[in-house]
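An overview of the molecular structure
The chain contents come next:
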Amino acid sequence: MSGWTRAAGATVAVGAGVLVWSLVEARSFVVRQVSAPVLEPGAKPLRILHLSDLHLTPQRRETVAWVRSLAQFRPDLVVDTGDNMAHADAAPVVLEALEPLLGTPGVFVHGSNDYYGPRPKNPLRYLAAPTRVRRDAEELDHEALTAGLTSRGWLDLNNARGALDVAGRRVSFVGLDDPHLGRDALPLDPGSGVEEGELRIGVVHAPYLRALEALRGDGAQVILAGHTHGGQVCVPGYGALVTNCDLDTSRAKGLHGWPGARPDAPGGEDSVWLNVSAGVGTNPYTPVRLACRPEATLLTLMPREG
Ligand SMILES: [Fe+2]
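Residues numbered from 1 in each chain as written. Predicted model: local features only at pLDDT ≥ 70, side-chain atom pairs only at ≥ 80, totals over all residues. Heavy atoms only, no water.

Named according to an unreviewed UniProt entry, the protein is Metallophosphoesterase originating from Demequina activiva.

Here it is in structure tokens:
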């Protein structure tokens, strides 16, 4: 066997190993637990379960079971940042997955995959530039999903605002429909300024910079988003190569300050908190993840030091 043949064989073996691992990793769910000092001194902590990018199909029973299991964390609030569906019959599957959480106060926005079904993609194009949504793709029943969630008291924040009683305090929300589809428009109804001691949370699927700036300008102190899949196929020891939007790759997932340093760090006075979820699922045609496990976030908002 020549050196070239051995090298080619080794390359194929490594490639096959990485592919097998990335298929396994895409089902290796994890709960990322983080905290941020947002609340007024002395306030009771508030636990938020942040879910995103479930990309459910009727076949993804393992994902349904895992999402259902998250009720064991007994969050005070659930925030779902969209891309819940990946199949024409997904709406009841999403509602089944979320059922144990629907008795908890919750809010949601949609992502592009709640409007249009998945299509096969060349994954190399994903690495080259933000994906484009084919408007001729199969339309999904986002209205059934919306009706199922709002009937249980969850707030529809697609270009809307609202408020909920959460763990004994009033929390206000402002949300945007998906900027990846150009559907984002800050709700016109007022704009009451953020009152002393009020907590305002901004919610959007894709963390495009214009969306983050709109939510920050509206007074959100914490912004939750998804869409990036954390880069989905990352370089071990380096991180994400893409965010599938104009957010920088250093914020592809996790808890950060935006637009600058974290608000509790030097230089972060003008920043807000931004949590970007790496998401639970993937497009069914690219069911792989590398160095980027599927996740839910348990974000605890803590009191600031007095
Ligand atoms: Fe997604």
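Spatially, the six strands line up as an open sheet ordered β6-β7-β8-β9-β11-β10, and their pairing is mixed. Strands at the two margins of the open sheet, each flanked by one partner only, are β6 (160–166) and β10 (254–258). The sheet shows a mean angle of 25° between the axes of neighbouring strands, direction not considered. With three bridges connecting them, strand β8 (residues 199–203) and strand β9 (residues 222–225) associate as parallel partners. The residue bridging V203 from the neighbouring strand is L224, located in β9. (Pairing = 2+ DSSP bridges. Helix = DSSP H or I, 4+ residues; strand = E, 2+ residues; numbered from the N terminus. Axes fitted to C-alpha atoms, helices over the stretch in contact; angles between N-to-C directions.)

Taken together, D53 (OD), H55 (NE2), D83 (OD) and H229 (NE2) make up the full set of protein donors to the iron ion, lying 2.0 to 2.3 Å away. Of note is the iron ion, whose four donor atoms meet at the metal with angles of 89 to 170° in an arrangement that counts as irregular. One chain supplies every donor to the iron ion, and in sequence these donors are spaced D-x1-H-x27-D-x145-H. Residue D53 is located in the loop between β2 (46–51) and α2 (61–69), and its partner D83 is located in the loop between β3 (77–80) and α3 (90–98); the two are separated by 30 residues in the primary sequence. For the pair D53 and D83, a shared accessibility class is recorded, and that class is buried. (Donors = N, O, S within 2.8 Å, 3.2 Å for Na, K, Ca; no water. Tetrahedral: all angles 85-135°; square planar, octahedral: opposite > 155°, others 65-115°. Buried < 20%, exposed > 50% of the residue type's maximum accessible area, 1.4 Å probe, protein only.)

Moving on, we get to helix α6 (residues 142–150). Those residues of α6 lying buried are L145, T146, G148 and L149. All buried residues of α6 lie within an arc of 165° about the axis, which places them on one face of the element. (Arc of directions from axis to C-beta.)

Counting through the fold element by element, D114 comes out in helix α4 (residues 112–115). Taking C-alpha positions, D114 is 22 Å from L215, a pair spaced 101 residues apart along the chain. When near neighbours in sequence (up to four residues on either side) are disregarded, D114 contacts G82, D83, N84, M85, V109, L140, H142 and L145. From its side chain, D114 meets the backbone nitrogen of D83 in a polar contact 2.8 Å long. One polar contact links the side chain of D114 to the main-chain amide nitrogen of N84, over a distance of 2.7 Å. (Contact = heavy atoms within 4.5 Å. Polar contact = N/O pair within 3.5 Å; in protein donor to acceptor, adjacent residues only side chain to side chain.)

Our focus in this paragraph is a nonpolar patch on the surface. Side chains of V20, W21 and V24 sit close together on the surface and give an oily, nonpolar patch of about 300 Å² of accessible area. Secondary-structure assignment places V20 in helix α1 (residues 3–25). A residue is classified by how much of its surface remains accessible, and V20, at 52% relative accessible area, is exposed. (Patch = residues over 30% accessible without salt bridge, like charges linked within 9 Å, V, L, I, M, F, W, Y side chains within 5 Å. Areas by Shrake-Rupley, 256 points an atom, 1.4 Å probe, with all protein chains shown as cover. Salt bridge = Lys/Arg side-chain N within 4 Å of Asp/Glu carboxyl O.)

So, about the packing of α2 against α3. Between α2 and α3, the shortest axis-to-axis distance is 7 Å and the interhelical angle comes to 35°. Facing α2, whose interface residues are R61, V64, V67 and R68, α3 presents V93, E96, A97 and L98. A per-class count over the contact of α2 with α3 returns five nonpolar, no polar and three charged. (Nonpolar A, V, L, I, M, F, W, Y, C, P; charged D, E, K, R; others polar.)

Applying the stated rule across the entire model yields 14 salt bridges. A salt bridge links R183 to D177; its shortest N-O distance comes to 3.0 Å. The class for D177 is buried, based on a relative accessible area of 6%. For E213, the salt bridge goes to R216, with nearest N and O atoms at 3.2 Å. With E213 and R216 both in helix α7 (residues 209–217), this residue pair falls three residues apart, about one helical turn. Taken together, the shared-partner salt bridges in this structure form one network comprising R161, E198, R200 and D218.

Following both chains from N to C, one finds α3 and α6 inclined at 25°, their axes separated by 9 Å at the closest point. When the axes of α3 and α6 are compared, the pair comes out roughly parallel. The element α3 and its partner α6 pack so that their crossing is right-handed. Here A91, V94, L95 and L98 of α3 lie close against α6, whose contacting residues are A144, L145, G148 and L149. For the contact of α3 with α6, a count of residues per class yields seven nonpolar, one polar and no charged. (Parallel < 35°, antiparallel > 145°, perpendicular 65-115°, else oblique. Left-handed = near helix turned anticlockwise from the far one by under 90°.)

Now for the state of the cysteines. The final tally for this structure, using the stated rule, is zero disulfides. Lacking any disulfide linkage, C234 is separated from the closest cysteine sulfur, that of C292, by 4.3 Å. Using a relative accessible area of 4% as the deciding quantity, one classes C234 as buried. As a non-bridged cysteine, C245 has C234 as the owner of its nearest cysteine sulfur, 14 Å distant. (Disulfide = S-S within 2.5 Å.)

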